[in-house]
Each structure stands twice: as structure tokens, then as C-alpha cells.
Amino acid sequence: QKEVEQDPGPLSVPEGAIVSLNCTYSNSAFQYFMWYRQYSRKGPELLMYTYSSGNKEDGRFTAQVDKSSKYISLFIRDSQPSDSATYLCAMSGGGNNRLAFGKGNQVVVIP
Amino acid sequence: GAVVSQHPSWVICKSGTSVKIECRSLDFQATTMFWYRQFPKQSLMLMATSNEGSKATYEQGVEKDKFLINHASLTLSTLTVTSAHPEDSSFYICSSGTGYNEQFFGPGTRLTVL
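As the structure is a computational prediction, the values presented were derived from the model and not from experiment. (Residues numbered from 1 in each chain as written. Chains lettered and ligands numbered in written order. Predicted model: local features only at pLDDT ≥ 70, side-chain atom pairs only at ≥ 80, totals over all residues. Heavy atoms only, no water.)

Quick notes on the overall build of chain A
This is how the line gets drawn: A run of H or I in DSSP becomes a helix once it reaches four residues, and a run of E becomes a strand once it reaches two; helices and strands are each numbered from the N terminus. With C-alpha atoms as the basis for the radius of gyration, the globule rule is written as 2.2 Å multiplied by the number of residues raised to the power 0.38. By the convention used here, residues are in contact when the closest approach between their heavy atoms is within 4.5 Å. Here the Shrake-Rupley method, with its probe set to 1.4 Å, supplies the accessible areas, and only the displayed protein chains count as covering residues. Positive charge is attributed to Lys and Arg, negative charge to Asp and Glu, and no charge count is given to His or to the chain ends. The atoms used to mark charge sites are NZ of Lys, CZ of Arg, CG of Asp and CD of Glu.
When helices and strands are tallied, chain A shows 0 helices and 11 strands. At 13 Å, chain A has a C-alpha radius of gyration in line with the 13 Å of a compact globule built from 111 residues. C-alpha extents for chain A along the principal axes are approximately 45 × 25 × 20 Å. Partitioning the intrachain contacts of chain A with sequence separation of at least 6 by distance along the chain shows that 54% fall at a separation of at least 24. Accessible area of chain A: about 5,400 Å², with a carbon and sulfur share of 46%. Between the centroid of the 11 positive side chains of chain A and the centroid of its 10 negative side chains there is a distance of 7 Å.

Okay, structure coming up:
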């Protein structure tokens, strides 16, 4: 079993819809959870950063962490064409700051 | 967030030549930097952890002699791909953080080896 599982299947949604992304993980030592957005041919950009369980909201973005289920989610409300990108979940913990990444979800928001 | 830059943003070279990629932290001091490679439609693969003033730690399967890492100052780490071959063509990305497990990525360097 991989440390982080993220279904890489492309996701197409109409503009204005809610985008829901998620990752599961197996390492119970993970405490820091991140979502990165990566546009084509660019480096990943940190979108959301959460420590331990709970919700965090930033504008149209909401990150949720459920450590008991080892499950994290990212929601994008009122999606825009500019949100079209690949979204990667990442996490770390257990005494080092090495990141374990999911495979990434390609999201396409159709105008 | 912290700013990390990379240079060059893209490079094309002939097979057998060496290519150096620079990674700089612009507004913070980075004792640790990470080097990743990313193939098309794939996630990031950690190659090595670069430590200021000491040897880099390489991931399993990454050749130390082929991917030379130097982290001579708190703001600069370099990755040299020695005797590059077409299979080394990839997107190389560095990252660093401010010590709270957040990592900030550079814009990446696209290497194409002919």
C-alpha cells in the first residue's frame, strides 16, 4: 500500500460547480497536510496547509482533515476556469519534513 | 509565503554534457532543500535532500555520482546532472521551507537532452 493514495482521474466540472478532491493515507505519524496547485509546466504552489485534524477555510477553498479515518479533502466552491490545474495532496510528520505526495488530480473547469 | 527561484527555467543540451540547475531561497535561509523530478502526468519524486554544509541524502535508486548536489550557502543549492542522457529529460523542481513542514517550490527547470 502506498503511503498516500489519490485517484488521479481527470475531473471536469462546469464553471460555478463545487470541486471535491480527496486523499487517503496509511502513515499515522503524518500531522501536516497540504494541498498544492500546479499549473502546466510550473512548480507546485502551496494552496492550503493544515496541522492535525479539522477544517480550514480560505476564500473559496476549504481543506478538511480527518485523522481518525486517515482522509483529507479539498473543496473548491464557485469554481472558475482559472482553477483548472493539477491538485496534489501532500503530507509529512513523524520527525522529518519530507513530503509524501499523492499522484495529483487534474481538474478542468469548463466555462 | 516564502519565495524559491530556480535557474534556468529550461535547458536543452546534447547527450553526454553536464547541466547545472540552481535553486535559491530569496527571502529566508534554507538549511534544507529538496530536489524532485517529475515526468509528464506523474507526481513529484523526491531525489535527494540537500543539507547546508554537509552531504546530500539521496533516495533509493538515485545515483549520487550522476546527480551532484551542492548546498554551499543558506540560500543556494545546486543540482548538476552529469553526462546527461535522453532518459534524464524531465522537469526538475526544488523546494524549501521555513521549518514548520510547509514547503515552497521553485518554478521548475525543464531539461531536454537530445
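Examining the overall build of chain B
What counts is decided by this rule: Each residue is placed in one exposure class: buried if its accessible area under a 1.4 Å probe, protein chains only, is under 20% of its type's maximum, exposed if it is over 50%, and partly exposed if it falls in between.
For chain B, the helix and strand inventory stands at 0 helices and 11 strands. Sequence-ordered secondary structure for chain B, helices as α and strands as β, is β-β-β-β-β-β-β-β-β-β-β. Taking 13 Å as the expected radius of gyration for a compact globule of 114 residues, we find that chain B reaches 13 Å, a close match to that expectation. Considering only C-alpha atoms, chain B reaches an extent of 40 × 25 × 25 Å along its principal axes. When the 114 residues of chain B are sorted by exposure, 54% land in the buried category. Sequence-distant contacts, at least 24 apart, represent 52% of the contacts inside chain B between residues at least 6 apart. For chain B, the accessible area works out to roughly 5,600 Å², and carbon and sulfur atoms hold 53% of it.

Considering the sheet that holds strand β3 (residues 19–25) of chain B
All names here are of chain B. In plain terms, the rule: A pair of strands is treated as paired once DSSP finds two or more bridges between them. Axes here refer to lines fitted to C-alpha atoms; in helices the fit is confined to the stretch in contact. Angles between the N-to-C directions go from 0 to 180 degrees.
The antiparallel open sheet is built from 4 strands, whose spatial order is β1-β3-β8-β7. In the strand order of this sheet, the two ends are held by β1 (4–7) and β7 (67–73), each with one partner. Within this sheet the neighbouring strands show an average axis-to-axis angle of 20°, counted without direction. Relative to strand β8 (residues 76–81), β7 is paired through 5 bridges, and the arrangement is antiparallel. Across the sheet, residue Asn 70 finds its bridge partner in β8, namely Thr 78.

Quick notes on the confidence of the model for chain A
Definition in use: Residue-level confidence of the predictor, termed pLDDT, takes values from 0 up to 100.
Within chain A, residue pLDDT values average 92, and 98% of them lie at 70 or more. The least confident element of chain A is strand β10 (residues 100–101) of chain A, whose mean pLDDT is 90; the most confident is strand β8 (residues 71–76) of chain A, at 97.

Brief notes about the interface of chain A and chain B
Where we set the bar: Accessible area that two parts lose when put together, evaluated with a 1.4 Å probe and summed over both, is termed the buried area. Basic side-chain nitrogens of Lys or Arg form a salt bridge, by our definition, when they fall within 4 Å of a carboxyl oxygen of Asp or Glu.
Contacts between chain A and chain B engage 21 residues on the former and 20 residues on the latter. For the pair chain A and chain B, the summed buried area comes to about 1,600 Å², and 53% of that belongs to carbon and sulfur atoms. Taken as a group, Arg 41, Asn 97 and Arg 98 of chain A account for 29% of the area that chain A buries against chain B, more than any other trio of residues on that side. On inspection of chain A and its partner chain B, the count reaches 1 salt bridge. Note that Glu 59 of chain B and Arg 98 of chain A form a salt bridge whose closest N and O atoms lie 2.8 Å from each other. Of all the secondary-structure elements, those providing two or more residues to the side of chain A that touches chain B are β4 (30–38), β5 (45–51) and β9 (85–93) of chain A.

Details of the state of the cysteines
Residue and element names in this part refer to chain A. Cut-off, in case you're wondering: Two cysteine sulfurs form a disulfide in these notes if their separation is within 2.5 Å.
Going through the model one piece at a time under the given rule, you end up with 2 disulfides over all chains. Across the disulfide from Cys 23 sits Cys 89; the S-S distance is 2.0 Å. With the S-S bond torsion at -105°, the cross-link from Cys 23 to Cys 89 turns out left-handed. Residue Cys 23 is located in strand β3 (residues 19–25), and its partner Cys 89 is located in strand β9; the two are separated by 66 residues in the primary sequence.

Observations concerning the pattern of salt bridges
Under the criterion given, the structure shown has 6 salt bridges over all chains. Measuring nitrogen to oxygen at the nearest pair gives 3.1 Å for the salt bridge that ties Glu 45 of chain A to Arg 37 of chain A. For Glu 45 of chain A, a relative accessible area of 36% corresponds to the partly exposed category. A relative accessible area of 13% means that Arg 37 of chain A is categorised as buried. We note a salt bridge from Glu 22 of chain B to Arg 24 of chain B, for which the minimum N-O separation is 3.4 Å. Judged by its relative accessible area of 24%, Glu 22 of chain B falls in the partly exposed class.

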